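Residues per chain are reported as follows:
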Amino acid sequence: MNYFEFKQQLLKDSYTKDEEFHRLRKEDLRCAKAYEEAMEFEKTLKNALQIKAPDNLKDSIILRQTTNQKETLSFKNYAMAASLLLSFIFASFFWYNSQPNTVEEYISRAFIDESNVPLSAEPIEFAEIKSVFADFKTGVSGDLGRVVFIHNCHTPNGTGVHMVVSTNQGLVTVYYMPRTNLDQKRVEFDIDHSKASLVAMEKGSIAIIADTEQQLASIEPVLQNNLYFL
Amino acid sequence: MRQKERKFDALIGHLSDDLYRFAFWLCKNEAMAQDLVQETYLRAWRALDSLKDEKAAKSWIFIILRREFVRQFEKKIPPITSLDELDFDIEDSKPLAPDDKAEADIVRDAILKLEKKYSEPLILQVIGGFSCDEIAEQLNISKSAVMTQLFRARAKLQKALSRESKIGKVL
């Protein structure tokens, strides 16, 4: 390194730790003088750049960071609440849409869902049958046939009676719906391969589901004649 | 106090003043510089978990500030080329003799006139205390380019100073 290279190095990086540079600084008078003058300039440069930072700088940094944290937290809370609300709205929407719109749909779904109810090997006693119907202010005046299942159930309007009657032609399912009134006196429809009838009663209605129309026709008058409103 | 908060406090304690000076010379505006430093620390807080080597913290936060400056502050800086156009008084951290103060003002004025490519490495070297290698890494340029820019920056400042002061006879 010669004097000119030394001066160039001073302009590039006077803080260098290069050994050759520092050897020249100590041994060469011209280099030593140049170094001294360069250090004077560096001092001026530092003075020029060393402006005073605002007194409140650290506080303002912490305040900004804290405020942002709170805003983020608050935003997260709002986002969570909005997300819950949206979930609720979507769930309600899908639940509402999944609900049956007509009595026929309701009965179809109930029949499919409750197709595996436990049937009694022996006919259920008449007193027990009367007792179940009595809960709905309905009397039973005569024999309803060989009832092998009877239980309370949900209906489109409140509760009712789910009953299964065993006949020679097969099982007949009956839904008694004391609070579900029909627009028409009678509605006939199919559920898969089964036949179904909705029949208006003195109060409410009754749904009958069987394999054939003959079965429906045979059990309907029995129910019409023997069930009465108390 | 949680570890993250301790790390953050240390970052503020050691570096905020130098960071502010760097921001000021980039923005040439006190309010904007303060805003830039706050924004830098906010980003540093969010990314603090990614800082694995605490020895690299200084370089890391200067890089954040520089990126933030380019991202949203550079376009807004006022077109100031003279010390007289600055709308505030620069306070010195320590009182200077009248001659020294005059020289510092000449150099400040000259720094304002420097192109960013010359002033930025110079400020990083003098204020940040970064080596040429570190500056090269921060500015994403070669070490030789950094040295050239530092050489030219100092030459320009010394030339400005030589016109006004006897200290400028260094050249």
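Please refer to the structure higher up on the page.
Residues numbered from 1 in each chain as written. Chains lettered and ligands numbered in written order. Predicted model: local features only at pLDDT ≥ 70, side-chain atom pairs only at ≥ 80, totals over all residues. Heavy atoms only, no water.

*Asks:* Any chance you could explain the overall build of chain B here in plain terms?
*Replies:* Looking only at helices and strands, chain B features seven helices and zero strands. Traced from its N-terminal end to its C-terminal end, chain B shows the element sequence α-α-α-α-α-α-α. Burial status across chain B gives 55% buried among its 171 residues. Considering only contacts in chain B between residues 6 or more positions apart, those separated by 24 or more positions represent 67%. (Helix = DSSP H or I, 4+ residues; strand = E, 2+ residues; numbered from the N terminus. Buried < 20%, exposed > 50% of the residue type's maximum accessible area, 1.4 Å probe, protein only. Contact = heavy atoms within 4.5 Å.)

*Asks:* I keep staring at helix 4 (residues 98-113) of chain B and nothing clicks. Help me out?
*Replies:* For an α-helix, the turn length of 3.6 residues means that residues three or four places apart are oriented alike. For helix 4 of chain B, which comprises 16 residues, the first-to-last C-alpha distance of 23 Å matches the rise-based estimate of 22 Å (1.5 Å per residue) to within 8%. E103, A104, I106, V107, R108, D109, A110, I111 and L112 of chain B are the residues of helix 4 of chain B that are buried. (Expected span 1.5 Å × (residues − 1).)

*Asks:* I'm lost on the interface of chain A and chain B in this one. Help?
*Replies:* How big an interface is tends to be stated in terms of accessible area lost as the parts join. Counting from both sides, the interface comprises 34 residues of chain A and, opposite them, 48 residues of chain B. Note on chain A versus chain B: buried area summed over both sides is about 3900 Å², and carbon and sulfur give 64% of it. Area buried by chain A at its contact with chain B is led by L11, L49 and I51 of chain A, which between them contribute 19% of it. Linking chain A with chain B are four salt bridges. In this structure, the salt-bridge partner of R64 of chain A is D35 of chain B, at a minimum N-O distance of 3.2 Å. Where chain A touches chain B, the interface holds 16 residue pairs in polar contact (both at pLDDT 80 or more). If one sorts the elements of the side of chain A that touches chain B by residue count, helix 3 (residues 29-49) of chain A sits on top with eleven residues. Within the side of chain A that touches chain B, the residues separate by chemical class into 14 nonpolar, ten polar and ten charged. (Buried area = accessible area lost by both parts, 1.4 Å probe. Salt bridge = Lys/Arg side-chain N within 4 Å of Asp/Glu carboxyl O. Polar contact = N/O pair within 3.5 Å; in protein donor to acceptor, adjacent residues only side chain to side chain. Nonpolar A, V, L, I, M, F, W, Y, C, P; charged D, E, K, R; others polar.)

*Asks:* Would you take a moment to explain the pairing of strand 6 (residues 194-200) of chain A for this structure?
*Replies:* For a regular strand, side chains alternate in direction, first toward one face of the sheet and then toward the other. All names here are of chain A. Counted residue by residue, strand 6 has five buried out of seven residues, so it is predominantly covered. Direction of pairing for strand 5 (residues 186-191) relative to strand 6: antiparallel, over a ladder of six bridges. Across the sheet, residue E188 finds its bridge partner in strand 6, namely S197. A loop of two residues connects strand 5 with strand 6, the two strands running antiparallel in sequence, and D192 in this loop sits at a positive phi of about 50°. From the end of strand 6 to the start of strand 7 (residues 205-210), which pair antiparallel, there are four residues, and G204 there has a positive phi angle of about 75°. (Pairing = 2+ DSSP bridges.)

*Asks:* For this particular structure, what's the right way to read the pattern of salt bridges?
*Replies:* Side chains that carry opposite charge are capable of pairing whenever their charged atoms lie near each other. Under the defined criterion, the tally for this structure stands at 21 salt bridges over all chains. One salt bridge connects E220 of chain A with R186 of chain A, and the closest N-O pair in it is separated by 2.4 Å. Here E220 of chain A, found in helix 7 (residues 213-226), pairs with R186 of chain A, found in strand 5; they are 34 residues apart in sequence, far enough to count as distant. E220 of chain A sits in the buried class, given a relative accessible area of 13%. With its nearest N and O atoms 3.9 Å apart, the salt bridge here joins D133 of chain B to K143 of chain B. Here the residue D133 of chain B occupies a position in helix 6 (residues 132-139), and K143 of chain B occupies one in helix 7 (residues 143-164), the gap between them amounting to ten residues.

*Asks:* I'm lost on the sheet that holds strand 4 (residues 170-177) of chain A in this one. Help?
*Replies:* Two modes of strand pairing occur in sheets, parallel and antiparallel, and in both the strands are linked by backbone hydrogen bonds. Residues and elements named next belong to chain A. With antiparallel pairing, six strands are arranged side by side in an open sheet as 2-3-4-7-6-5. Where the open sheet ends on each side, the last strands, each with one partner, are strand 2 (146-154) and strand 5. Averaged over all pairs of adjacent strands, the angle between their axes in this sheet comes to 20°, without regard to strand direction. Here strand 4 runs beside strand 7; their pairing, made up of five bridges, is antiparallel. The partner of M177 across the bridge, within strand 7, is S205. Of the strands in this sheet, strand 3 (159-167), strand 4, strand 5, strand 6 and strand 7 are in contact with helix 7, which crosses strand 7 at around 150°. (Axes fitted to C-alpha atoms, helices over the stretch in contact; angles between N-to-C directions.)

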